[in-house]
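A structural walkthrough
The residues making up each chain are set out below.
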Amino acid sequence: GTDIPISAESVTASFSAHVFQHFDNLDAATSYFREISRVLVPTGTLMIHLPLCAWPSGAGGLIKALYHVQRKLRDVQAQLQRQFITRGRFVPLMRGLSFPLEYIYDTLPALGYEKVEVAVFTTHSNNHPHPFVMATKRA
């Protein structure tokens, strides 16, 4: 669920890694960002790892349309996998949601965050870049 079982304005920081990429859609992520804002004290911070994407300049409508068709097919696949799971047959369910940069810079300020930044850290374990979004709840 999207409810964090702690009091409002009771934590100074929130951290998440390798979670947001498994949400079904951006609406689910927005619910979590809203809930994190609820539990953060004013000027509290968040640091969230999530895959980011941006369309190349001049990307045509066909490329975007193919991407959205692919997303819809993955949604159908996830729904089928959930039906198998509810019937007792375990089928691994992994989502792969990417977050458009515009979403980050539009949504977080609308939810009461400021100082929104993106930073990429390379891990020592696998030498892969990991983008993180950092922000502060407005005072």
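Refer to the structure printed above.
What comes next concerns the included structure. Treat the numbers as computed from the prediction; the structure is a model and nothing was measured.

Definitions and limits used
Residues numbered from 1 in each chain as written. Predicted model: local features only at pLDDT ≥ 70, side-chain atom pairs only at ≥ 80, totals over all residues. Heavy atoms only, no water. Phe/Tyr/Trp six-rings, centres within 6.5 Å; stacked < 30°, edge-to-face > 60°. Helix = DSSP H or I, 4+ residues; strand = E, 2+ residues; numbered from the N terminus. Buried < 20%, exposed > 50% of the residue type's maximum accessible area, 1.4 Å probe, protein only. Lys NZ or Arg CZ within 6 Å of the ring centre and 35° of its normal. Axes fitted to C-alpha atoms, helices over the stretch in contact; angles between N-to-C directions. Parallel < 35°, antiparallel > 145°, perpendicular 65-115°, else oblique. Left-handed = near helix turned anticlockwise from the far one by under 90°. Contact = heavy atoms within 4.5 Å. Nonpolar A, V, L, I, M, F, W, Y, C, P; charged D, E, K, R; others polar.

It is worth spelling out the packing of aromatic side chains at this point. Per the stated rule, a full pass over the model turns up 8 aromatic pairs. With a centroid separation of 6.4 Å and an interplanar angle of 50°, the aromatic rings of Phe20 and Phe99 are classed as tilted. Taken together, the residues Phe20 in the loop between strand E1 (11-16) and helix H1 (26-39) and Phe99 in strand E4 (residues 99-100) connect sequence positions 79 residues apart. When sorted by exposure, Phe20 lands in the same class as Phe99, which is buried. With a centroid separation of 4.5 Å and 10° between ring planes, the pair formed by Phe23 and Tyr32 is classed as stacked. By way of ring pairs, the aromatic residues Phe20, Phe23, Tyr32, Phe33, Phe99 and Tyr103 are connected into one cluster. Over the aromatic face of Phe84 sits the side chain of Arg89, whose NZ or CZ is 5.1 Å from the ring centroid.

Relative to each other, H1 and helix H3 (residues 101-110) sit at 40°, their axes nearing to 11 Å. Considering the angle they form, H1 stands oblique to H3. H1 and H3 meet at a crossing whose hand is right-handed. Only Tyr103, Thr107 and Leu108 of H3 make contact with H1, whose side of the interface consists of Leu26, Ala29, Thr30 and Phe33. Residues of the contact of H1 with H3, tallied by class, amount to 5 nonpolar, 2 polar and no charged.

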